[in-house]
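Residue strings, one per chain:
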Amino acid sequence: MPFTNQIMNNNYHTHMYLCRHADGDVKDYVEKAIELGFKSIGMSDHAPFAELKDRSVRMHLSDLKIYIIKCDNAIEKYKNKIKVYKALEIEYFPQHKKIYPEYLKYMDYLALGQHYIFDAESKNNLRSAYALSTLEHLESYVDTVVEAMSTGYFKFVCHPDLMLYNIKHFNCDITRISKKLIQGAIDSNVPLEINSNGIRKGLKETEDGLRYIYPRKEFWQLVKKMGARVIISSDAHQVDQLFDEDVIKAYQFANDLDIVVEEELMF
Ligand SMILES: [Zn+2]
Ligand SMILES: [Zn+2]
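Keep in mind that this is a model prediction, so the values were computed, not measured.

A separate point is the pairing of strand S4 (residues 109–112). The side chains of a regular strand alternate between both faces of the sheet. Neither face of S4 is open: one carries Tyr109 and Ala111, the other Leu110 and Leu112, and all of them are buried. Note that strand S3 (residues 83–90) and S4 share 4 bridges and pair parallel. Paired with Leu88 across the bridge in S4 is Leu110. A crossover links S3 with its parallel partner S4, the connecting element being helix H3 (residues 99–104), and its sense is right-handed. As judged from the 3 bridges shared by S4 and strand S7 (residues 154–157), these two strands associate in the parallel manner. The residue bridging Ala111 from the neighbouring strand is Phe156, located in S7.

The next point concerns the pattern of salt bridges. Here the idea is simple: oppositely charged side chains can pair when their charged atoms come close. Evaluation of the coordinates by the stated rule reveals 19 salt bridges. Between Lys32 and Glu35 there is a salt bridge; the shortest N-O distance is 3.5 Å. Of this pair, Lys32 and Glu35 are both found in helix H1 (residues 26–35), 3 residues apart, which corresponds to roughly one turn of the helix. For Lys32, a relative accessible area of 15% gives the class buried.

Along the polypeptide, Leu52 turns up in the loop between strand S2 (40–46) and helix H2 (64–77). Here Leu52 falls in the buried class, since its relative accessible area comes to 2%. Sequence-wise, Leu52 and Tyr103 are 51 residues apart; in three dimensions their C-alpha atoms are separated by 18 Å. Those residues in contact with Leu52, other than ones at most four positions away along the chain, are Arg58, Glu91, Phe93, Tyr116 and Leu126.

Right, let's get into unusual backbone geometry. Following Tyr214, the chain continues to Pro215 via a peptide bond in cis, the omega torsion being 0°. For Pro215, the position within the fold is in the loop between strand S10 (209–212) and helix H7 (217–226). Even without a glycine there, the phi angle at His159 is positive, about 25°. Along the polypeptide, His159 turns up in the loop between S7 and helix H5 (172–188). Residue His159 is classed as buried on the basis of its relative accessible area of 3%. If you check the backbone angles, Asp258 has positive phi at about 65° while not being a glycine. Assignment of secondary structure puts Asp258 in the segment after helix H8 (245–256).

Reading guide: rules and limits
Residues numbered from 1 in each chain as written. Chains lettered and ligands numbered in written order. Predicted model: local features only at pLDDT ≥ 70, side-chain atom pairs only at ≥ 80, totals over all residues. Heavy atoms only, no water. Buried < 20%, exposed > 50% of the residue type's maximum accessible area, 1.4 Å probe, protein only. Helix = DSSP H or I, 4+ residues; strand = E, 2+ residues; numbered from the N terminus. Pairing = 2+ DSSP bridges. Right-handed = clockwise from strand over helix to strand, strands pointing away. Salt bridge = Lys/Arg side-chain N within 4 Å of Asp/Glu carboxyl O. Contact = heavy atoms within 4.5 Å.

If you want it as C-alpha cells, here you go:
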C-alpha cells in the first residue's frame, strides 16, 4: 500500500540531481507527489551562481537548460494529475539585481535561499550562513534578506533561521535582529519557511538542552507573536524526503507553537 498523507498538499521546495547534492530526477519527485496525493509540487533546485566557487553544491550554468526542459516536460506530461511549478532556490546578491526579473520571465517563482552574505574579510568576499558569529554578520544577513523580500522577486524565504546556526543563546540582541527579519517579511507579505531539512539533521545537545539547530523555537515563537505568514517545506533532496517523518515533525513543531501554516500559495 502506498504511504498516504493527510497533512501536506503542496510542497514548494524540492531539489533534484542537477544541483549535485540531491538524488532523483524531476519526474521521480512528481510521481511521488502524485502518489502522496499532493495538489502541486514546486521544483526549486539550487540556481547556478558564478560567485559561488564551490560549484559542487550548485547547478552548473550549462545544466540550467536541461533543468528547464525536464520541468517543462513534467508540467506537460502530468498536467491532468498534478500542478508542477518550475522554480529555483536562489541567493540574493544586490549587485545581480538584474538576473531575478530575467529568471521570472520563465520561472513560476523564486525561493530565497540565502546561504551567504557579502563579507569583505572573507575569502571570495562571501561568508557562509553556517559561519555567522557576530552581531554584525547577523545584521548583514538580515539586511540582505529584508532587502530581498522588498524587491517582490521571491515567493517565500527558505529557512530564515539558518542565520542562527552558530548562535548559542537567543539573547535580547538576537531577539531584536530576528524581529527585524520577521517585520520585513510582514511588510513585504512574504511567507517564512519552517524547513524540514533542519529537522532531518536531528536534535542536538546544546547548552540550552536538546534542540534542533534549525528550526529554532525562539525564532518561531516571535514569528507567531508578530503574525508573519508561515509555510512548511520538505526541502527534499531525495524522493523519500518529499513527505517523511521529519515533515510530520515540522508540522508538529508548528502545532506546538500554535502557528497556523499556509498550505497553499497563490500564483
Ligand atoms: Zn540543497
Ligand atoms: Zn533547498
